[in-house]
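Letter by letter, the chains look like this.
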Amino acid sequence: MQFEFSANSLGKISTDAVLVFALKERKEVKFLTDLKSFEKKTQETLLKAIKTASFKAKRGETLNFYLEEDSLAKAIVVLGLGERNDFVADDLRRAAGALAKKLHHKIASVALEIPDGKEITLSQKDSAQLIAEGLILGSYEFNKYKTEKGERDLSTVIISGAKSASVKEGIERGKVYTEATILARDLVNEQAAVATPTYLANLAEDIAKKDKKHLKCKILNKEEARKLGMEAFLGIAKASETEPKFIVLEYTPDKSLNSEKLALVGKGITFDSGGINVKTGDGMIDMKCDMSGAAVVLGVFSVISRIKPGFKVLGVVAATPNMISGKSLVPGDVVKAINGKTIEILNTDAEGRVTMADSLSFAVKEKATKIIDFATLTGAVMIALGTDITGLFSNNQDLAREIKDAAFAAGEKMWELPLEKDYKELNKSEVADIANIPNTRYGGTITAALFLEEFIANKPWAHLDIAGPAFISKSNDLGPKGGTGHGVRTVLNLLS
Ligand code: BES
Ligand code: ZN
Ligand code: ZN
């Protein structure tokens, strides 16, 4: 999607549609776009159309009408942002997304003014970023396997008004954020036969090659992982003929602002069949999504050189499918993670935590000072929070606060759940240090988080169980059914 700037007012731009933003205030429609930008005649038609259609500027409400042959713009679309008092930044992002989704393939260009801080408490830079994110993400689709593609693409956005550095910056930021999000989406949506551990590893190497000065990539194969003692990861991997890969990315800034080294650890199960404890057909259908955590890490690293955090960042992914075969782990088997802790496998479908026992321990070994992990870890998190909200766990309240603020600004819903100490004993094993499933099905997202906590050596850590929002079964304003890239924009906010 191309963003162009025009000094002309909206009425003087040749485009398929002009976008007008409106809020609802005490049953009145309040425009964020200056109607004086249009000719008298157009203004009148617009106001009349609002009345006729009893348009109220409710959240998500749109009103389209076509202009006469002689006008430069072919149509005007009024976009409702909802009740003024309830307005939050994400409403603008979602409204732009919903619009792009609707108009993609129907029109090729839109023109708009970036709302300023007069009516909404947003800087023009932030508004510009939100609109760019919405328009780009809303028109996202994964169509590489469709033989028939849409005819026209919404490919040009014309920003009307005096060219300002802050609007440009906002757009650029929106582009970076969505590029990373889309990389993550594409990875999640890709079939498991293509998005293998080797594919993810090659991508990580390609990312690192683009900025040799700041990025390093190291890929461990099975033998190298074995030498490091990654029995837990390799235990899950051994059922599959697909080569497992342990992926490490490292970003070093030009000048470190502090001694921090933030580790981003992503669950990288390229397909989760459940293993010997095989899933049902319905339960397996979306399981190419089980590397969504890895996709967050790769998405973030793909743009990290443009975000330029002032501290070190480590990316870690233990990538393997979880398959069923004669070589699978079976219940009762015991494996040892690189931190020396032994794990009794009681259910091969609780594989993510087993692979992450090694990837988290590895981050500790690499002297991470802070760890954030992303994992489609449990179905239970969806029982607790529904499909849209990530379960956030942390042993450090400052880190939890930071993540919540970053997530709110990114429009990614997260809710903190407790690392309840009294539940630790639920993960007890009779034969090993810990069991990979608890002895109750209640609180399954918490017991899974408590399992991971055994492998972070008390470092400041946050765990994001993204099983709900990472892969959606119904489209939303910011994209279609499938991978969402949820988590990417939160991390980019944290790194900024
Ligand atoms: N990958 C799944 C969790 C999942 C479920 C992600 C649905 C996305 C959508 C995970 O490996 C798993 O199978 N977890 C089990 C754990 C159980 C065996 C303790 C689950 O949640 O049922
Ligand atoms: Zn599983
Ligand atoms: Zn899984």
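Shown above is the structure to which this text applies.
Criteria and cut-off values
Residues numbered from 1 in each chain as written. Chains lettered and ligands numbered in written order. Predicted model: local features only at pLDDT ≥ 70, side-chain atom pairs only at ≥ 80, totals over all residues. Heavy atoms only, no water. Helix = DSSP H or I, 4+ residues; strand = E, 2+ residues; numbered from the N terminus. Rg over C-alpha atoms; globule rule 2.2 N^0.38 Å. Buried < 20%, exposed > 50% of the residue type's maximum accessible area, 1.4 Å probe, protein only. Contact = heavy atoms within 4.5 Å. Core = buried A, V, L, I, M, F, W, Y, C linked by side-chain atoms within 4.5 Å. Salt bridge = Lys/Arg side-chain N within 4 Å of Asp/Glu carboxyl O. Near = heavy atom within 4 Å. Polar contact = N/O pair within 3.5 Å; in protein donor to acceptor, adjacent residues only side chain to side chain. Areas by Shrake-Rupley, 256 points an atom, 1.4 Å probe, with all protein chains shown as cover. Nonpolar A, V, L, I, M, F, W, Y, C, P; charged D, E, K, R; others polar. Axes fitted to C-alpha atoms, helices over the stretch in contact; angles between N-to-C directions. Left-handed = near helix turned anticlockwise from the far one by under 90°. Expected span 1.5 Å × (residues − 1). Donors = N, O, S within 2.8 Å, 3.2 Å for Na, K, Ca; no water. Tetrahedral: all angles 85-135°; square planar, octahedral: opposite > 155°, others 65-115°. Arc of directions from axis to C-beta. Pairing = 2+ DSSP bridges.

Engineer: Give a detailed account of the overall build of the protein chain, specifying residues and quantitative values.
Structural biologist: A count of helices and strands for the protein chain gives 14 helices and 20 strands. At 24 Å, the protein chain has a C-alpha radius of gyration in line with the 23 Å of a compact globule built from 496 residues. Along the first, second and third principal axes, the C-alpha set of the protein chain runs to 80 × 45 × 45 Å. Taking all 496 residues of the protein chain together, the buried fraction comes to 56%. For the protein chain, contacts bridging at least 24 residues in sequence account for 77% of all contacts bridging at least 6.

Engineer: Break down the nonpolar core for me, with residues and values.
Structural biologist: Membership of the largest hydrophobic core comes to 53 residues, with the highest contact counts inside it found for Leu264, Phe301, Ile372, Ile403, Leu464 and Leu495. Apart from residues lying up to four places away in sequence, Leu495 is in contact with Leu262, Val300, Ile304, Ile307, Pro309, Phe311 and Val313. Grouped together as the second largest cluster of nonpolar side chains are 48 residues, Leu220, Ala368, Ala375 and Leu450 included.

Engineer: Run through the pattern of salt bridges, naming residues and quoting values.
Structural biologist: Following the criterion strictly, the structure yields 28 salt bridges and no others. Residue Asp116 is joined to Lys118 by a salt bridge in which the shortest nitrogen-to-oxygen separation is 3.3 Å. Where Lys213 meets Asp254, a salt bridge forms, and the shortest distance between an N and an O atom there is 2.9 Å. Of this pair, Lys213 sits in the loop between helix H5 (197-209) and strand S8 (215-220) while Asp254 sits in the loop between strand S9 (245-251) and strand S10 (261-272), and the two are 41 residues apart along the sequence. Within the structure, one salt-bridge network assembled from shared partners comprises Asp90, Arg93, Arg94, Glu133 and Arg489.

Engineer: Lay out the site of ligand 1 in plain terms, naming residues and giving numbers.
Structural biologist: Taken together, 16 residues are adjacent to ligand 1, and Asp272, Lys279, Asp349, Glu351 and Gly379 come closest. In this structure, Asp349 approaches ligand 1 through a side-chain N or O atom, which is 2.8 Å from an oxygen atom. Separating an oxygen atom of ligand 1 from a backbone N or O atom of Gly379 is a distance of 2.7 Å. Considered on its own, ligand 1 offers 520 Å² of accessible surface; in the complex 77% of this is hidden by protein. Partitioned by chemical class, the residues of the shell around ligand 1 number five nonpolar, four polar and seven charged.

Engineer: Outline the packing of helix H2 (residues 89-103) against helix H3 (residues 124-138), listing residues and values.
Structural biologist: Where H2 contacts H3, the two axes come as close as 7 Å, and the packing angle between them is 35°. Read as a crossing pair, H2 and H3 show a hand that is right-handed. Contacts between H2 and H3 involve Ala89, Leu92, Arg93, Ala96, Gly97, Leu99, Ala100 and Lys101 from the former and Ser127, Leu130, Ile131, Glu133, Gly134, Leu135 and Gly138 from the latter.

Engineer: Tell me what's going on with helix H10 (residues 352-365), and back it up with residues and numbers.
Structural biologist: The end-to-end C-alpha separation of H10 is 20 Å, in line with the 20 Å expected for 14 residues at 1.5 Å each. Of all the 14 residues making up H10, 13 are buried; the element is thus mostly covered by neighbouring parts of the structure. Looking one or two residues past H10, Lys367 carries a phi angle of roughly 65°, positive in sign.

Engineer: Break down the coordination of the zinc ion (ligand 2) for me, with residues and values.
Structural biologist: Ligation of the zinc ion (ligand 2) by protein atoms is provided by Asp272 (OD), Asp349 (O), Asp349 (OD) and Glu351 (OE), these donors lying 2.0 to 2.2 Å from the ion. Each of the six donor atoms around the zinc ion (ligand 2) contributes to a set of angles spanning 72 to 168°, which defines the coordination as irregular. Summarised as a motif, the one-chain spacing of the donors to the zinc ion (ligand 2) is D-x76-D-x1-E. Taken as a pair, the zinc ion (ligand 2) and the zinc ion (ligand 3) show a spacing of 3.2 Å, with Asp272 coordinating each metal. On the criterion of sequence distance, the pair formed by Asp272 in strand S10 and Glu351 in the loop between strand S13 (342-344) and H10 is long-range, its members being 79 residues apart. Residue class for Asp272 comes out buried when judged on its relative accessible area of 3%.

Engineer: Hey, could you go over the coordination of the zinc ion (ligand 3) for me, with residue numbers and the actual values?
Structural biologist: The protein atoms that coordinate the zinc ion (ligand 3) are Lys267 (NZ), Asp272 (OD), Asp290 (OD) and Glu351 (OE), at distances of 1.9 to 2.4 Å. Around the zinc ion (ligand 3) sit six donor atoms; with metal-centred angles ranging over 78 to 172°, the donor geometry is octahedral. For the zinc ion (ligand 3), the single-chain donor residues occur in sequence as K-x4-D-x17-D-x60-E. The buried category is assigned to Glu351, whose relative accessible area is 0%.

Engineer: Talk me through the environment of Lys245; I want residue IDs and the actual numbers.
Structural biologist: With respect to the helices, strands and loops of the structure, Lys245 is situated in strand S9. Along the sequence, Lys245 and Phe233 sit twelve residues apart, while their C-alpha atoms lie 9.8 Å from each other. Leaving out residues up to four positions away in the same chain, Lys245 has contacts with Pro197, Thr198, Ala201, Ile219, Leu220, Asn221, Phe233, Val317, Ala318 and Ala319.

Engineer: Which residues make up helix H1 (residues 40-52), and what values go with them?
Structural biologist: Look at H1: 18 Å from first C-alpha to last across 13 residues, which is about the 18 Å you get at 1.5 Å a residue. Among the residues making up H1, those that are buried are Thr42, Gln43, Leu46, Ala49 and Ile50. Taken down its axis, H1 places every buried residue within 130° of arc, on the same side. In H1, those exposed residues whose orientation departs by more than 90 degrees from the buried face are Lys40, Lys48, Lys51 and Thr52. For H1, the elements touching its buried residues are strand S3 (28-31), strand S4 (62-66) and strand S5 (75-83). Following H1 by one or two positions, Ser54 has its phi on the positive side, about 40°.

Engineer: Run through the sheet that holds strand S17 (residues 434-435), naming residues and quoting values.
Structural biologist: Remark on secondary structure: sheet strands pair via backbone hydrogen bonds, oriented parallel or antiparallel. Taken together, three strands build an open sheet; the order of strands is S12-S13-S17 and the sheet is mixed. In the strand order of this sheet, the two ends are held by strand S12 (334-336) and S17, each with one partner. Judged from the two bridges that link them, S13 and S17 form a sheet pairing that is parallel. Note that in S17 the partner of Ile343 across the bridge is Ile434.

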